[in-house]
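Each chain, written out:
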Amino acid sequence: MIALSGTRAVKILTWSSSPFDLTAALVHHTQLTPATFRCMRCVSALEADGNPARPSETQPSAWHAHPSIRKVVISLWGVVAACAGWAALVMYLSHKYSGTASTYYSPTQLETWSFLPSTTSTTYLNYHLRMSIQWWILVFVNVAVVQGPLTLGLHCAELIANVIRDERQWRCATGRKGLRTATNPVKPIFTHPTCLVLFVAKPFLHWMFGLSFSMNNHAAEGQLNYLGPVMLINQIWNLCIALFIFASFFTFVALRRPRGPQPAAYGHVQTLANLVDEWSPVMWWGHKEDAIPYCHAGTSDHPLPDVKMDCVYAGSSAVSLAPLS
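From a predicted model like this one, the values you see are computed outputs, not experimental measurements. (Residues numbered from 1 in each chain as written. Predicted model: local features only at pLDDT ≥ 70, side-chain atom pairs only at ≥ 80, totals over all residues. Heavy atoms only, no water.)

Student: If you had to explain the layout of surface pockets to someone new, which residues and values would you point to?
Tutor: What the largest pocket holds in volume is close to 450 Å³. Q169, C172, T183, K187 and T191 are, among the 15 residues lining the largest pocket, the residues nearest its centre. Elements with a contribution of two residues or more to the lining of the largest pocket: α5 (133-170), β4 (179-180) and α6 (187-191). Partitioned by chemical class, the residues of the lining of the largest pocket number four nonpolar, six polar and five charged. The space that makes up the second largest pocket amounts to roughly 290 Å³. What lines the second largest pocket is a set of 13 residues, among which I164, R168, H192, V253 and R256 lie closest to the centre. Taken together, the elements giving at least two residues each to the lining of the second largest pocket come down to α5, α7 (193-212) and α8 (233-255). (1 Å grid on protein atoms, 1.4 Å probe; cavity = no way out; pocket = protein on both sides within 12 Å on 5 of 7 lines; lining within 4 Å. Points joined across faces, edges and corners; volume = space filled by probe spheres on them. Helix = DSSP H or I, 4+ residues; strand = E, 2+ residues; numbered from the N terminus. Nonpolar A, V, L, I, M, F, W, Y, C, P; charged D, E, K, R; others polar.)

Right, here's the structure in full:
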């Protein structure tokens, strides 16, 4: 109901998820004004004055360009640390209460380590919750507290994948085929490596979580007596290792700096509006005009020459016009 109310109260300029379609629609409806003299300024230079700038051989990484990317990467490592702490806590409690009906402890060794749970070598912690309304609520709270950070971390990792995907698409503007603004929204999931890794990692990590945390139950005479969360130490450590690899990959992606003089935008609509001065279904970016004292770089519907690395660019004062999408 909230979503339906929002669509009726707000004019939808475009249903496209592409930052290029969104920027063109905002510019066309004068809800976004391109800043002049910023044709060589990337997204990380938004706070700087619109002074002339020389082209740079490399561009800032997503980590330096987006403050939210830094928060996501830090949160991913926080999930890794929380998973390691969870495994250490379960190991400590299993060792402390070893021999009771609710725990089984065996020293973790390479010979007994397994990816899938094993009835002969698995160390686990199990506690029982008697059945009542309060205990049912506590069961759901247990699952939410343990699985919630994992779900939130994987969801936030999609932000990194999206900005890297948008930047890769933007950098096609200096390629031979140019930048095609109209694309199939499903295609990048299977063609972009970062999106493909996230697409596979999400169900895989949740499956690994299911191996490490499950619910045991006991019923007698047709009545459910109790539920018991079961935590398997080896599988929790396996999940921690997988999360470490996942966080390392996205940290590397976030810190990687694009090469080339084309200013990085990472899907930022104001930066795209500043850099794109001619909108067309297929665009190329490059050197457009020699002038004194500053040159101009921008986009066109035909291939453009490379920018001159020894020249200073400040852009043109002409207003960017975007077609209705």
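Student: I'd love a proper account of the nonpolar core, names of residues and values included.
Tutor: What tends to happen in soluble globular proteins is that the nonpolar side chains get buried as a cluster. Within the largest apolar cluster, 42 residues are counted, with the highest numbers of intra-cluster contacts made by W86, I160 and F246. Of all the secondary-structure elements, those providing two or more residues to this core are α3 (62-65), α4 (67-96), α5, α7 and α8. The element that contributes the greatest number of residues to this core is α8, accounting for 11 residues. Formed by 20 residues, the second largest nonpolar core is a distinct cluster that contains A24, A53, L275 and W279. (Core = buried A, V, L, I, M, F, W, Y, C linked by side-chain atoms within 4.5 Å. Buried < 20%, exposed > 50% of the residue type's maximum accessible area, 1.4 Å probe, protein only.)

Student: If you had to explain the environment of D310 to someone new, which residues and values would you point to?
Tutor: Here D310 is to be found in the segment after β8 (296-300). Linking D310 and R54, residues 256 residues apart in sequence, is a C-alpha distance of 7.0 Å.

Student: Summarise the state of the cysteines; cite the residues concerned and give the values.
Tutor: Each disulfide consists of a covalent bond between the sulfur atoms of two cysteine residues. Taken as a whole, this structure holds zero disulfides when the rule is applied. C83 takes part in no disulfide bond, and the closest cysteine sulfur to it belongs to C240, at a distance of 4.5 Å. (Disulfide = S-S within 2.5 Å.)

Purely geometric stuff here, so don't read any function into it on its own.
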